[in-house]
Amino acid sequence: MRLLAENPELTQRELAEALGISLGATNYCLRALIDRGLVKAENFRKSHRKRAYLYTLTPSGIAEKLRVTRAFLARKQTEYEAIEREIEQLRQELQEEGRP
């Protein structure tokens, strides 16, 4: 969704390449986002393409993107704090054994 928000003129092929997934998987995912009302596909014409789509996030899509981003950041913050605790515990163990 972030790629579409930043680059609404990406083709499905370009999107697939950027995401590292197949063109078919990209089409399937885009259709699902469109069906859920999170993305809108509009036809537009360009000189170097006979037919192309402009993919834009709907207001619902923007809200979903924000929700997913918040959840991702919360999960990463929790992981970071767990790693910090583990590092501190390992440092204490090393100090107890007389190692720097």
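Note that the coordinates shown come from a computational prediction; the quantities given were computed from them, not determined experimentally.

Asker: Honestly, the overall build of the protein chain in this entry has me stumped. Any pointers?
Answerer: Looking only at helices and strands, one finds four helices and two strands in the protein chain. Ordering the α and β elements of the protein chain from the N terminus gives α-α-α-β-β-α. A compact globule built from 100 residues should have a C-alpha radius of gyration of about 13 Å, whereas the protein chain, at 22 Å, is more than 25% larger. When the backbone C-alpha atoms are referred to their principal axes, the protein chain occupies close to 70 × 25 × 20 Å.

Asker: Looking at this structure, how should I read helix H3 (residues 23-35)?
Answerer: Given 3.6 residues per turn, any residue in an α-helix points the same way as the ones three and four places further on. Here H3 is 13 residues long and its end C-alpha atoms lie 18 Å apart, about the 18 Å a rise of 1.5 Å per residue gives. The complete set of buried residues in H3 reads Thr26, Leu30 and Leu33. The arc enclosing the buried residues of H3, seen along the axis, measures out at 60°, which places them on a common side. In H3, the exposed residues that point more than 90 degrees away from the buried face are Tyr28 and Asp35. The positive-phi residue at the C-terminal boundary of H3 is Gly37, with phi of around 80°.

Asker: I would appreciate a short explanation of the pattern of salt bridges in the present structure.
Answerer: Opposite charge on two side chains permits them to pair, given that their charged atoms come into close proximity. Per the counting criterion, the structure on display carries two salt bridges. For Lys76, the salt bridge identified is with Glu79, shortest N-O distance 3.0 Å. Residue Lys76 and its partner Glu79 are located together in helix H4 (residues 59-96), separated by three residues, close to a single helical turn. Residue Lys76 is classed as partly exposed on the basis of its relative accessible area, which comes to 36%.

Asker: For this particular structure, what's the right way to read the environment of Leu15?
Answerer: With respect to the helices, strands and loops of the structure, Leu15 is situated in helix H2 (residues 12-19). The residues touching Leu15, leaving out its near neighbours within four places in the chain, are Leu3, Leu4, Leu10, Thr26 and Leu30.

Asker: How should I be thinking about the confidence of the model for the protein chain in this particular structure?
Answerer: It should be kept in mind that the predicted coordinates are not to be read in detail where pLDDT is low. Mean pLDDT over the protein chain: 86, with 90% of residues reaching 70 or higher. Mean pLDDT across the secondary structure elements of the protein chain bottoms out at strand S2 (residues 49-57), with 73, and peaks at H2, with 92.

Asker: It is not clear to me how the side chain of Thr58 should be interpreted in this structure. Could you clarify?
Answerer: Relative to the helices and strands, Thr58 is located in the loop between S2 and H4. If sequence neighbours within four positions are ignored, Thr58 has contacts with Gly37, Leu38, Val39 and Lys40.

Asker: Whenever I open this one, the nonpolar core confuses me. Can you help?
Answerer: Taken as a class, soluble globular proteins show a tendency for nonpolar side chains to be buried jointly. One finds Leu4, Leu10, Leu15, Leu30, Leu33, Leu38, Val39, Tyr55 and Leu57 forming the largest nonpolar core, which totals nine residues. For this core, the secondary-structure elements that each account for two or more residues are H3 and S2. Non-local contacts of Val39, meaning those with residues more than four positions away in its chain, are made with Leu4, Leu33, Ile34, Tyr55, Thr56, Leu57 and Thr58.

Calculation rules
- Residues numbered from 1 in each chain as written.
- Predicted model: local features only at pLDDT ≥ 70, side-chain atom pairs only at ≥ 80, totals over all residues.
- Heavy atoms only, no water.
- Helix = DSSP H or I, 4+ residues; strand = E, 2+ residues; numbered from the N terminus.
- Rg over C-alpha atoms; globule rule 2.2 N^0.38 Å.
- Expected span 1.5 Å × (residues − 1).
- Buried < 20%, exposed > 50% of the residue type's maximum accessible area, 1.4 Å probe, protein only.
- Arc of directions from axis to C-beta.
- Salt bridge = Lys/Arg side-chain N within 4 Å of Asp/Glu carboxyl O.
- Contact = heavy atoms within 4.5 Å.
- pLDDT = per-residue confidence, 0-100.
- Core = buried A, V, L, I, M, F, W, Y, C linked by side-chain atoms within 4.5 Å.

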